[in-house]
Amino acid sequence: FAAITYSDFDCIRGFGDMWSFFESIPASSLSYYFLPMFPYAVTLEDNRRLVSLSRKWAAVPEAAAAQAPLLAPLPPIYAGGPIRIGFLASLRVGNNVSKFILSVFDALRAQGGCEIVYFSTVGFIAGDPVQDQVKRLTNTFEDVSQLDGRSVAQRIRQSGCHVAIDCDGHARWSKTEALCYRPALLQVSMINWPGTLGISAIDAIVVDRHSNPPVAGTLIESPLVLDGNIGPQIHPEQLAMEPPFTK
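First things first, this report covers the structure right here in the doc. None of these values were measured; they are calculated from a predicted model.

Our focus in this paragraph is the pairing of strand 3 (residues 140-143). In this sheet, strand 3 lies alongside strand 2 (residues 114-120) in parallel orientation, the contact comprising four bridges. Bridge assignment links Tyr118 to a residue of strand 3, and that residue is Phe141. Handedness of the crossover is the feature at issue here: the chain leaves strand 2, passes through helix 7 (residues 129-137), returns alongside strand 3, and the resulting connection is right-handed.

Right, here's the structure in full:
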């Protein structure tokens, strides 16, 4: 079923009403089915069921994070100092997200005032031209492909990131559950996933005027609407010193 739905959205519409099936899936297995759910999320009620299932999935890693929280303190923000932004992604040749994120890296470097840390969920790929560009455009390139969610969160916290941006969602190499541990002051979902991830510790989702839901109740995160470039600029004074992110 999953193989068919990932390859052909139109095909699975022919299966009929699948929500009862989706709601019967154990929370720990739901991640594999979120992409197949999107073609069924037509009405407002459908989308609210999708949000409910996202919260059902997120409850598992959130419970694990509550039982074993990170011990290292959140990094301080110094007036005039750089903001350290961590990107959690699977950038490589063949990943279309790379086409967008590389331009974001370029823009951030041109703007200045920040340091970029890239956490690769696919590891180091020798000779990959996309990863070569990533290494050139970022301050730090870290391989987290073999780490579990808590270990990834520890790596993000230890790197001193003020902002953590997830660019994978529920994709194949995702380490999204790491954000349940609140490794950074501000946590954002961006680019790859068109809906909520259901994680209460993710503060915002980057959207445009087309993907910003017109009604409440279909996102856990607060929408950050693109202004035509890479989105709203983030300044130190806009970051709450303690989570949750409130501004």
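To continue, consider the nonpolar core. Among the nonpolar cores identified, the biggest contains 35 residues, and Trp19, Phe22, Phe34 and Met37 are the most heavily contacted of them. For this core, the elements supplying multiple residues, two or more each, are helix 3 (19-24), helix 4 (34-37), helix 5 (44-67), strand 2 and helix 8 (149-158). In terms of residue count, helix 5 provides more of this core than any other element does, five residues in total. The residues contacting Trp19, other than those within four sequence positions of it, are Met37, Tyr40, Ala41, Asp46, Arg49, Leu50 and Leu53. The next biggest cluster of nonpolar side chains, apart from the first, holds 25 residues, and it includes Ile83, Ile85, Val134 and Cys167.

With the rule as written, the count across this model stands at seven aromatic pairs. Seen in terms of ring centroids, Phe21 and Phe22 are 5.8 Å apart; in terms of plane orientation they differ by 55°. Their pairing is tilted. For the pair Phe124 and Phe141, a centre-to-centre distance of 4.8 Å together with 20° between the ring planes defines the contact as stacked. Placement of the pair is Phe124 in the loop between strand 2 and helix 7 and Phe141 in strand 3, with a sequence separation of 17 residues. Judged by relative accessible area, Phe124 falls into the partly exposed class, the value being 48%. Looking at Phe141, the relative accessible area reads 15%, which means it is buried.

What follows covers unusual backbone geometry. We note that Arg182 has phi near 50°; this positive angle belongs to a residue other than glycine. Turning to its location among the elements, Arg182 is positioned in the loop between strand 4 (163-166) and strand 5 (186-189).

This next bit is on the side chain of Asp203. With respect to the helices and strands, Asp203 occurs in the loop between strand 5 and strand 6 (204-207). Since its relative accessible area comes to 10%, Asp203 is described here as buried. At 2.9 Å, the side chain of Asp203 and the side chain of Arg182 are in polar contact.

Before going further, it helps to spend a moment on the side chain of Ser98. One can find Ser98 in helix 6 (residues 97-111). Setting aside chain neighbours within four positions, we find Ser98 in contact with Leu91, Arg92 and Val130.

Calculation criteria
Residues numbered from 1 in each chain as written. Predicted model: local features only at pLDDT ≥ 70, side-chain atom pairs only at ≥ 80, totals over all residues. Heavy atoms only, no water. Pairing = 2+ DSSP bridges. Helix = DSSP H or I, 4+ residues; strand = E, 2+ residues; numbered from the N terminus. Right-handed = clockwise from strand over helix to strand, strands pointing away. Core = buried A, V, L, I, M, F, W, Y, C linked by side-chain atoms within 4.5 Å. Buried < 20%, exposed > 50% of the residue type's maximum accessible area, 1.4 Å probe, protein only. Contact = heavy atoms within 4.5 Å. Phe/Tyr/Trp six-rings, centres within 6.5 Å; stacked < 30°, edge-to-face > 60°. Polar contact = N/O pair within 3.5 Å; in protein donor to acceptor, adjacent residues only side chain to side chain.

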